[in-house]
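Letter by letter, the chains look like this.
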Amino acid sequence: MPNVSDPEPLNFFKFSLDKIRAGIKGSIGREILFYEKVDSTNSIAELLAARGKTEGTVVLAETQRKGRGRLGRSWLSPPFVNIYMSVILRPQIQLKDITLITIMASIACINVLRKGLALDASIKWPNDLIVSGKKIGGILTEVHIAEKRLGYAVTGIGLNVNIDSVEFPNEIKDIATSLKIETGRTLSRTEILIDILNELDNWYKTLKDMKRKELLNEWELLNCTLGREVVIKTGKESLMGLAESINDEGMLVLKLPSGERRIIYSGDLTILR
Ligand code: BTN
């Protein structure tokens, strides 16, 4: 992966759309729409998907005014340092399997961080990308359901690449990190984006072919959640227990101190030990 000592230092901090287009191997990212400033790449991708845009189309932005995360949180989106992108997907899967889209995207991202950058990166259920116990990125999948079928999905990925710790607001200083902080190098967002899109293409095929076991096995290899004592805040309650497994649909199986097992569909998970 190139660093700042490469030629063209002035262009280094900008995305090179030509290089991205040349580096794309599959159908994810065959069309890339780049915006300098948007409210949220997920919102733009949703609008385009609703108008029939083909699957694999990627919306990429330099900065977001209203980048959003899960559970109504905002996503820090300053320009020239990070990656904010959303991809339109139209998998023919059952509604019960929708979580597998996020599982698939997190596998793709973590593989890039592990293979390309040799980082000890892992997935915290359901969508957090973790390095050194801190959040380096996140995935937000939003879906459109019509007549009890999945119409389309938009999977948004935010990855902290070259942001420095001083740029994190106080609320997230201790829990957020970036590739630059972890590797000590300024990295090419262009190269990382190419790798993510190609890995996504690969793992999206696995999802579309519904090679469920392959996906779940890979997720298990890459996760840092299973076997840990956790607290999960769902909409209505806070549950403590052992994160025992994920089921076939990617839901978390939590074993409570009473021995009872609960299937957790979504929530905010904190690892205790
Ligand atoms: C999370 O961890 O809560 C998910 C964060 C997802 C952030 C990305 S940035 C690109 C896309 N556009 C958004 O508004 N959100 C996602």
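Look up a bit, the structure's there.
Report follows, based on the coordinates. (Residues numbered from 1 in each chain as written. Predicted model: local features only at pLDDT ≥ 70, side-chain atom pairs only at ≥ 80, totals over all residues. Heavy atoms only, no water.)

Along the chain, Asn 247 turns up in the loop between β9 (238-246) and β10 (252-255). Exposure remark for Asn 247: the relative accessible area of 17% places this residue in the buried category. A polar atom in the side chain of Asn 247 sits 2.9 Å from the backbone nitrogen of Glu 249. Beyond its immediate stretch of four places on either side in the chain, Asn 247 contacts Leu 216, Val 253 and Ile 263. (Helix = DSSP H or I, 4+ residues; strand = E, 2+ residues; numbered from the N terminus. Buried < 20%, exposed > 50% of the residue type's maximum accessible area, 1.4 Å probe, protein only. Polar contact = N/O pair within 3.5 Å; in protein donor to acceptor, adjacent residues only side chain to side chain. Contact = heavy atoms within 4.5 Å.)

It is at 8 Å that the axes of helix α4 (residues 99-117) and helix α7 (residues 189-208) come closest, and there the two elements cross at 140°. Judged on the interaxial angle alone, α7 and α4 are oblique. Taken as a pair, α4 and α7 cross one another with a handedness that is right-handed. Counting all contacts with α4, which are made through Leu 100, Ile 101, Met 104, Ala 105, Ile 107, Ala 108, Cys 109, Asn 111, Val 112 and Lys 115, the residues of α7 involved are Ile 192, Asp 195, Ile 196, Glu 199, Leu 200, Trp 203, Tyr 204 and Leu 207. A breakdown of the residues in the contact of α4 with α7 according to their chemical character gives 14 nonpolar, 1 polar and 3 charged. (Axes fitted to C-alpha atoms, helices over the stretch in contact; angles between N-to-C directions. Parallel < 35°, antiparallel > 145°, perpendicular 65-115°, else oblique. Left-handed = near helix turned anticlockwise from the far one by under 90°. Nonpolar A, V, L, I, M, F, W, Y, C, P; charged D, E, K, R; others polar.)

Lining the immediate surroundings of the ligand are 21 residues, of which Ser 40, Gln 64, Arg 68, Arg 70 and Lys 135 lie closest. For the ligand, an oxygen atom lies 2.7 Å from a polar atom in the side chain of Ser 40. One of the side-chain nitrogen or oxygen atoms of Lys 135 is found 2.5 Å away from an oxygen atom of the ligand. Here the ligand, which alone exposes 410 Å², has 98% of that area covered by the protein. Taken together, the elements giving at least two residues each to the shell around the ligand come down to α3 (41-50), β3 (83-89), β6 (134-146) and β7 (149-159). Among the elements that take part in the shell around the ligand, β6 stands out by supplying 4 residues, more than any other. (Near = heavy atom within 4 Å. Areas by Shrake-Rupley, 256 points an atom, 1.4 Å probe, with all protein chains shown as cover.)

Moving on, we come to the sheet that holds strand β4 (residues 121-124). Read from one edge to the other, the open sheet built from 7 strands follows the order β1-β2-β3-β7-β6-β5-β4, with strand pairing classed as mixed. Pairing within the sheet leaves two strands with one partner each, and these edge strands are β1 (32-38) and β4. Ignoring strand direction, the axes of neighbouring strands in this sheet form an average angle of 20°. Summarising the sheet, β1 and strand β2 (residues 58-64) pair through 6 bridges and their orientation is parallel. Pairing of Val 38 across the sheet is with Gln 64, part of β2. (Pairing = 2+ DSSP bridges.)

Our next topic: the sheet that holds β9. A sheet is described by the order of its strands in space; here 5 strands give the open sequence β11-β10-β9-β8-β12, paired in antiparallel fashion. For this open sheet the edge positions go to β11 (261-264) and β12 (268-271), each flanked by a neighbour on one side alone. Averaged over all pairs of adjacent strands, the angle between their axes in this sheet comes to 45°, without regard to strand direction. Sheet analysis places strand β8 (residues 229-233) next to β12, joined by 4 bridges and oriented antiparallel. Directly across from Lys 233, in β12, lies its bridge partner Asp 268.

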